[in-house]
Structure formats: C-alpha cells, structure tokens
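# Structural characterization, general
Spelled out, the chains give:
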Amino acid sequence: MQKASIFHSLGCGDPNYWPLPFHPGILPCEAYSLWHEVLVCFSGLESFYPLGFDSTDLAQNTSALPPEKLKSLYQELSGVPPLFDRLILMVIDGLPAEFVIGKDGKPPPEVLKKAMPYTQSILAKGLAVGYHAKAAPPTVTMPRLKAMVSGALGGFLDVATNFNTQAFLDDNLIAQFLRIGWKMVMLGDETWLKLFPDMFARHDGVNSFFVKDTIQVDYNVSRHLTTELSSTDWDLLILHYLGLDHVGHIGGRSSNLMGPKLMEMDEVIKRIHSSIMQTQETKQKRTLLMVVSDHGMTEGGNHGGSSYEETDSLALFVSGQKFSDSESRKEVYQVDMASTLALLFGVPIPKNNIGTVIRDVFTSLKDEQQLRILELNSWQLLRLLQTHLNELGCGRFSCKSERGQNYGPERLCCSYLDATALHESWKSKRLLRSVHGDDYRSAVLGYLEFLGTTSKWLSSRSTDKPIGLLVSGVAALLLSCLGLMTLTFLFTREVNFKGSRDISHTDNNIWKWHLEENFVLAVIFILILSMGSSSMIEEEQYIWHYMTSSLYLILLRKTIQSMKNGCTLTLTAEQRKIRFHHIYYIVAVLVSGRILRGWHQGGVNWSYLPDIAKLLEQAGTAHIKSLQLLSMFLVITICLAVLLSLGLRTRVSMLLVLVYLFPVLLILKQILRLQDSTFGSLSVRSTTMIQIIYAFLGTSSAGILLGTPWLMPLQNPKTLSSEVSHESPSKLPFDGFKDSLCVIGWGYMFSWCLLQMLLQQPINSVPVSLLLLQVVASIHYFSGGNLRHKQWVEVAALYYVGMAGHFGLGNTNTLATVDVAGAFIGISSHSTIISGILMFIITYASPMLALLSTLMSVCANDVRTVSNSQDVDFGYLLKTTVGYPCLVPLGLNSILLLAYTIVLLGMRNHLFIWSVFSPKFLYVCATTVCVYVGVSIVALTATYTCIVFATRSTLKGSCRDRLTER
C-alpha cells in the first residue's frame, strides 16, 4: 500500500498537506520513525486558517522549521499571545469536584474545607477558578486521560485496554507540545508512560492498580517536587497522584483516610503555588497550575459508571495572578480542557477535539482576541464536522428557510454562518469606531451557540459503527443460539422418550407442561422485553429477585397441592415428613431471597435509600465482624450437614473434614486479625497467609476431583443385592458414580464459599452464606420426593437463584460496583492477570456457585433414570449426567446475549448508549464467560469421573472373568 493511500484510509488526507516540522533530536531514534509517520495526521498551520484555505505551499515551506520557529509561527498566526509559558498538570486521581468547589451552588461541607484550607483560600482570593468538568463514561483512568489531552471521546472497549494501555497515536496536546520543542517531565501513574512512550525527558512512574498502597504511591511523586520546582529546564510537569483513588477503593468517600489524604494534596498545591508566586516576583516564566481529576467516585469509592458522583471531575486553574470574577462551581465538560489548554499555550487544537473553549479563563484578553479564540475553536470543529459529512459546504444551505433551521447539518452550518456574519459585522463597526457592546455580545453568543450544538452533535456521532460487521456478528450469534436450541430439543426428546419407555408407560407426566415450566420460559421473554428500557437495565435486580421468588412460590403451591391431592391421611409418616421438608426448603429459599433483596439497595435510581448493609456500616465494624464470624460458622455448618446427608462411610467423611480443617482455621484467623472492614492494612504476613489459603483450597479441590473416583466404592454396600452382584461387567456402577459426583460437587461448593468468605467485603459475608443456603435448599427440594420436576426446570431454577444472588451481593450493571480492592487480596505485587481473575471471582461469585452446584443437584436424578434402563452405555450415562446442566445455562445465556446484542445495535444512537447500554453489554459478555467456565468445569468433571468408573468397572470385570475361568 502506498504511503498516500495509508493516510487517506486514516482520514488524514494528502500527507503533503500536513507539515511535519519535526526533528529526530527531539525523540529517541527508535521512537522517531513511528511518530514521523503518525504526526502527519495532526493539526498544524491549517488550524489558523478558515475551512477551504489551501495551505499546501505554506506547509511545504515550513516542514523543515525548527521547533522554536514553529512555535513563533503558531503564535503569529493565532493572533492570540500565550497567557502562560509553563504548565504544571496535577492529576488527583478520583477526586470529586464537590470536595473542592461544592455542589448545587453550595460550598463544600466544613469538614472538607478544613481538609484543604490553602485551596479554599486561593479560591476565595480569585487566584484560582474551579469547574465541575463532567467526564464521559467509562469513568476509568486511561480513557479519561485521553479525553483531557485530545478532547475526543473514547469507546467502552477502553475499559478492557485500561489494564493493558497502548501508545496513543491520535492528535493530542502532548505531541503538539513536543512539536514546539517543549521538554516534559512526568511523575506518578505510569499510564502516561504507556500512552506516550519515550516522550518525557524525565519520569518516575508507579503502578496504578495496586490499590492497597495509599502512601508510597504518592510519596514517589512528592519526593521529586523540591528538585523539579527549582528546575527551569522543563515546560510541562505532570504530577499524577493515585493515593486518593486508592483510599476510595479501600474505604469509600467516608474513609478515615480521606481527610489526611486531602490535607496531603492541599499541602502539595500550596508548595506548587508558592513556587509559582516566587517565579512571578522574579519575572521568570509564567506558570499555570492546573489541578484536575480524571473521574469522581461513588459513596463506596468505586467508579466506572455514569452517575453524577462518578462523572463529577475537577478542573481547577491556579496562577500567580488574579482571575476575573468568574464564578466557580460552573459545569463544563472534561473534553473542553484540550481546546482550552491549546489556546492558552498557543498550539493548534487537537484534530479530533469535540470540546469547546472555557471562556472564563481568557477574560484578561481583549475583545478581538477573545473572539479570535472562539473563531479558531469553530474552525477546528467545522473541519471535524466535515469528516462526518462528505463535501460539507455551508454556503449551499438556505438559512432563511425553516428547513435550514431544523435539519441537523444544515442547522449547524447556519449557526456557523450566523456567528461569522456577526463577527464580521463587529469588525467592520470597530473599524468605523461605531461598535457597541451589544454587537460584541451577539458575536460571542453566536459562536457559543455553534460550538455548543456542534459539540453535542459530534458527541452523538461518536457511536457510529460499521453496520456490516455488526450484522455479521449478530448472524454468528444467531447461528450459535439456534444450534444450542436444536441440541437441547433433540436431547430433551431422547431423554423423554427413553424415560417414558423405561420408567412407566402409564405416567404421562413427562410429556405434560406445568405452570413452573411455562414460567421459566416466560422469565426469558420478560428479560428480553426489559432490555429495550434504560431504566429497566439500571434496575435489573428487581426483575431477577421478583421472578426467582415467583418461581419458588409456584413450586410451593405445587407442593401443597400434591399433599392435598395425595390425601394426607393415606400418606405414611415418612412421606408426610418428606412433604413438609419440601415446604421448609422452599420457605428457606424465599426468606433468604428476601433478606438478600434488602441487603443492598442496588441499581442507580434508588441506591441512596437505606438498606441493611448501610445500617450495619453505620452501626460500626464490631457488628460487621460478628456477622462475618457468624456467616463463616453458618457456611461450615451447612456444608457439614450436606456431607452427612450423602450417607458416606465414616472414614470418608472424616477424611473430607480433615482436608478442609486447615484452610478453615486459617480463614477464621484471618477474619479475627482484621480489626476493620478495609484491606489497606494487610501486612506481608497476612498476604503470605492468604496465599497459603489459596494454595490449600486449590489443592483440596483438585485432590477431591482426581482422587474421589478412584477411591469411592464401585457400589454402595447399602444397595448391593444378589442381582447387582451378577450384573454384566459392561454395566457401570451407578451408586459409586453418583456418590463421586456428589462428593466432588460438595468439594467445589465448599471451596468456592470459603474463597468468597476471604475475598468478599466483610459486609457481604452474610449474603454469601444465604446464597449457599438457597442453593442447598433448592438441591434438596428437587432431589427428594415424587413431584417429578423436569430436570431442565431444576437447572434453570438454580441458574435464576444464581443471577438473583449476583445482584444480592451488591452488583449492578454499572462498572462502579466492581470490587477493585478485593482483587488485590493476597497479592504482594501487581499482576494484571491474577488481579483480573480475582476480580472476576468476586463479581461472579453467585452465578458460579449455582453452576458448580448442578453436579450435586442432578446426580441423583440422572442415575435414578439410568439405573432403570436396560441398555445403558457410557455415552448415554455421560449425556444424562451433563446434558441439561450444560445445555440449559448455555441456551439461556445464548438467548439473552443474542437479544441484547440486537438491542444494543438498535440503540447505538441512543442518548444513554455509553452510560447504560454499553456497560450492560460488558456484563452480558462477562456473564457469558462465567457460564462457559462453569459449564466446562461441570462437563470435564463428569467426563473424568465417568471415564474412571468405566475403567474400574472394566478392570473388575476382567478380573472376575479370569477367576471364573480358573
């Protein structure tokens, strides 16, 4: 491919039109070749000319200019002198703007004022002006830094790349500053070094994901302050402090560590501003301190979503001179920083910027200079508008017609033409010395109207995607969904046919559709219908809680009806006892579900309402600690009761108890050692202990999986009969196979719950124990009695319990509820892979528990059916064991994934595409991963167990044949 065609494919136009006054001496040799090819797509001299101006000759003449002369040329063409010579960009990660400048026109609370006294004093004196800089979702660091330096909106895929940042090759302020010869220094978050490799003369980066560190991560920045503030060789100093964000992740906004951290940041601002004042007195370079935050945080200290608390970032301009009487607490957009800083320092506005200049910062300029700034910003947005609208020519529109005022592109063009006409009118009147204040205000308002409407229009167009690729993806999902549905239908027909032939010719129950079966399918349709509503997506937890409770109420009704229809007087005492136990199990599921429903007030719209978790947090950590210990004992008690109910030999049961004794004691010790609900105080010793617990739980689960099929008796001695003893060697030992699956499933569930008790926030320990109670009660309800529920209904019910529990643990469809702090428990140094796995384990604790529990829930039902068959083979046993536990979750998830992908495609231009629909799609994809992982574990476990028992049965038969021959 030719060079010119490459640039055309990137939307850069002819490379000769984009001057490159760049010198290899500015960048290291290995980086120069890369940026030499990329920077031709950046804004240059054409930014200072109106749209349509042919700057080819000018570009060719200036392509070899050194940085200093290019800088002078930029200043000359811009017509606006730079207000500052140096920039200190101080990023306080996660700082909500309301902590500094208040909210809703009110000042911040007194406690926050006292935490940042110096910052409040310079705001009062007019030496600083602050803004609520609204950030676009996703509110995570990397895309927000991109937005600040480029003025462009990213996509939600940036959430994934946030953990593996790549070089940022779009037009941005860092590259523009480098082109004019600026020397730049970066201290703090190493994300800057990954976004802009080899562009900083000096740097000291720190990892941003190790949230347990709240002290050293900021000390590594501040220890260089004295040296850098006294140095005069840099033009841009970036200070990115991470400690406040880490404090939020650990303890939330109200953490005891928040006040001291704000005082520390205030002290840094004081040191920097004092240095600026000194340099101003000696008439050295004029320095601007800009204090910004990439995003805010929720009450729990998390971020990633689109709530006000998360998008409320700070933009604070601080200088040695007094700003005009512009009111702080105004709201701007985070993308407005790029155009504002570009014009403050006399460089072209980045090419893809959609932000508008913050006028209040330029009030010290003359009227014609302020209008020139608005004009330059308008030219840049008009060029960007042209890339979205082929052959955009504003002159061909008739702005006097009503159509021209209402149609999108025409309206934008007419707005621009009106603004330029008012500007030209002001210029002509100014030459005739007949200018009036109203003329200037009219021109300003004209530009502001164009800038505002164009910025919003461009922001909405950022969701445009290639329809062809999206439709192809939907078609692939449709084929996958149809394939799973076909497999499920064929499997159901085979099982029903064999069941009706082998179990009972007179029992038509297997072919009937009952109320609970219809309701299971109705839940899917209700979920699909709710996907089209942004409010229902935000409050999805209500659907799962309500539908799961309704399903179990239907099962309760069926159980009570069966007691009436069966005539209680004709039932034996044992049968009546079993029926009442069924009722107890369902009541346990319903009561536990109601407690889970009230534990966290999830969602978005009503998250501020009181709930059990908030009340416990207000009561103090002592109550939470007591409940955590109680929950741990409840988990142990439930698992021991399940183990006893399996009817294993005493020695086998004791062996399993001993396997888990040591990790249980270590977890209890770890719970007792932590004196509060935070993870910030974990010592090296605690980290080592947690790593030992990880190793024991993993080894125990693997040992039970690998050893149980070999050690479990082929037949249960209690069920051996003379007929069984003479069975064909090709027949599989059903009792041993069943017991092995039950023991392995028990081991999975116990290990998973112990892991969750260690990883989940202490406030979630009770929900984890209640989830285990729900799952165990459901398994016992479906395993016993003669109600004959279809197996796919049992698996679907467990799946619904798992999804309801997912929201019961406090998860929502926003990224803000992802527990980042828990992902670093037991990690001594940052590892993206390990932290990501732990974060996934914490987030999908409930669905994975439900999937793993299917091993216990189906073994009794499957083996009971198979044992009555006269032509059993290995393949049929395996199918009946893992058929429904695999196909039902995969099928349900496939339907929801397909439906939501279609909804997302239709909603790509919706107002809430980034704030609601995109985060939900990420969760749907993550749920798909969870389902596939859980199903794979179940399938591989059953396959391995079946192979082992087939091998043992064959070996036993061979030995018996040899003895017979002798």
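Residues numbered from 1 in each chain as written. Predicted model: local features only at pLDDT ≥ 70, side-chain atom pairs only at ≥ 80, totals over all residues. Heavy atoms only, no water.

- As annotated in an unreviewed UniProt entry, the protein carries the name GPI ethanolamine phosphate transferase 2 isoform X2 and is attributed to Sesamum indicum.
- Taken from UniProt, the Pathway (unreviewed entry) comment for the protein reads in full: "Glycolipid biosynthesis; glycosylphosphatidylinositol-anchor biosynthesis."
- Taken verbatim from the UniProt record of the protein, the Subcellular location (unreviewed entry) comment is "Endoplasmic reticulum membrane". (UniProt positions renumbered as here; feature names shortened; annotations may be inferred.)

## So, the overall build of the protein
- For the protein, the helix and strand inventory stands at 38 helices and eight strands.
- Relative to its full complement of 966 residues, the protein shows a buried share of 57%.
- A sequence separation of at least 24 residues applies to 77% of the contacts in the protein between residues at least 6 apart.
- Surface summary for the protein: the accessible area is close to 41000 Å², and the carbon and sulfur share equals 61%. (Helix = DSSP H or I, 4+ residues; strand = E, 2+ residues; numbered from the N terminus. Buried < 20%, exposed > 50% of the residue type's maximum accessible area, 1.4 Å probe, protein only. Contact = heavy atoms within 4.5 Å. Areas by Shrake-Rupley, 256 points an atom, 1.4 Å probe, with all protein chains shown as cover.)

## Focus: the pairing of strand 3 (residues 184–189)
- Among the six residues that make up strand 3, six are buried, leaving the element largely enclosed by the rest of the structure.
- Pairing of strand 3 with strand 5 (residues 236–241) involves five bridges; the strand directions are parallel. By the bridge assignment, Met186 is partnered in strand 5 with Ile238.
- Judged from the five bridges that link them, strand 3 and strand 4 (residues 202–206) form a sheet pairing that is parallel. Bridge pairing links Val185 to Arg202 in strand 4. (Pairing = 2+ DSSP bridges.)

## Things to note about helix 4 (residues 67–78)
- Its twelve residues place the ends of helix 4 16 Å apart at the C-alpha level, agreeing with the 16 Å of an ideal helix rising 1.5 Å per residue.
- Taken residue by residue, helix 4 has Pro67, Leu70, Leu73, Tyr74, Leu77 and Ser78 as its buried positions. Projected onto a plane normal to the axis of helix 4, the buried residues spread over an arc of 125 degrees and lie on a single side. Along helix 4, the residues that are exposed and aim more than 90 degrees away from the buried face are Glu68, Lys69 and Glu76.
- After helix 4 finishes, the residue Gly79 shows a positive phi value of roughly 75 degrees. (Expected span 1.5 Å × (residues − 1). Arc of directions from axis to C-beta.)

## Notes on unusual backbone geometry
- The omega angle of the peptide bond from Pro137 to Pro138 is 5 degrees, so this bond is cis rather than trans.
- Along the chain, Pro138 falls in the loop between strand 2 (128–134) and helix 8 (141–150).

## Side note on the packing of aromatic side chains
- Taken as a whole and assessed by the stated rule, the structure comprises 21 aromatic pairs.
- Look at Tyr660 and Trp746: their rings are 5.6 Å apart centre to centre, the planes differ by 90 degrees, and that puts the pair in the edge-to-face class. Of this pair, Tyr660 sits in helix 29 (residues 650–673) while Trp746 is found in helix 32 (residues 734–759), placing the two residues 86 residues apart along the sequence. Like Tyr660, the residue Trp746 is buried in the burial classification. (Phe/Tyr/Trp six-rings, centres within 6.5 Å; stacked < 30°, edge-to-face > 60°.)

## Thoughts on the pairing of strand 5
- Summarising burial for strand 5: six of the six residues are buried, a large majority.
- Pairing analysis gives six bridges linking strand 1 (residues 86–92) to strand 5, with the strands arranged parallel. Counterpart to Ile92 in the pairing with strand 5 is Tyr241.

## Things to note about a nonpolar patch on the surface
- A contiguous nonpolar surface patch, about 270 Å² in accessible area, is contributed by Val587, Val591, Ile595 and Ile612.
- The element best represented in the nonpolar patch is helix 26 (residues 573–599), accounting for three residues.
- Here Val591 shows up in helix 26.
- According to the relative accessible area criterion, Val591 is partly exposed, its value standing at 46%. (Patch = residues over 30% accessible without salt bridge, like charges linked within 9 Å, V, L, I, M, F, W, Y side chains within 5 Å. Salt bridge = Lys/Arg side-chain N within 4 Å of Asp/Glu carboxyl O.)

## Structural notes on the nonpolar core
- Tyr552, Met632, Trp746 and Tyr800 are the most contacted members of the largest nonpolar core, which has 141 residues in total.
- The greatest single-element share of this core, amounting to 16 residues, is contributed by helix 32.
- Core analysis: the next-biggest nonpolar cluster, separate from the first, contains 85 residues, Leu77, Val80, Trp426 and Leu451 among them. (Core = buried A, V, L, I, M, F, W, Y, C linked by side-chain atoms within 4.5 Å.)

## Thoughts on the pattern of salt bridges
- Tallied over the entire structure, the rule returns 18 salt bridges.
- Residue Lys790 pairs with Glu517 through a salt bridge whose shortest N-O separation is 3.1 Å. Here Glu517 lies in helix 23 (residues 515–530) and Lys790 lies in the loop between helix 33 (765–783) and helix 34 (791–808), a separation of 273 residues in the sequence.
- The salt bridge involving Lys738 is made with Asp739; its shortest N-O contact spans 3.8 Å.
- When its relative accessible area of 25% is taken as the criterion, Lys738 is described as partly exposed.

## Some remarks on the sheet that holds strand 8 (residues 330–333)
- With mixed pairing, eight strands are arranged side by side in an open sheet as 4-3-5-1-6-7-2-8. Either end of the sheet is taken by a strand with one partner, and the two such strands are strand 4 and strand 8. If you compare each strand with its neighbour and ignore which way they point, the axes differ by 20 degrees on average.
- Strand contacts of helix 17 (residues 336–344): strand 1, strand 2, strand 6 (287–292), strand 7 (312–318) and strand 8, with the helix running at about 175 degrees to strand 6, the strand carrying the most contacts. (Axes fitted to C-alpha atoms, helices over the stretch in contact; angles between N-to-C directions.)

## Describing the environment of Leu187
- Within the element layout of this structure, Leu187 appears in strand 3.
- Overall, Leu187 belongs to the buried group, its relative accessible area being 3%.
- Distance in space between the C-alpha atoms of Leu187 and His224 is 8.1 Å, their sequence separation being 37 residues.

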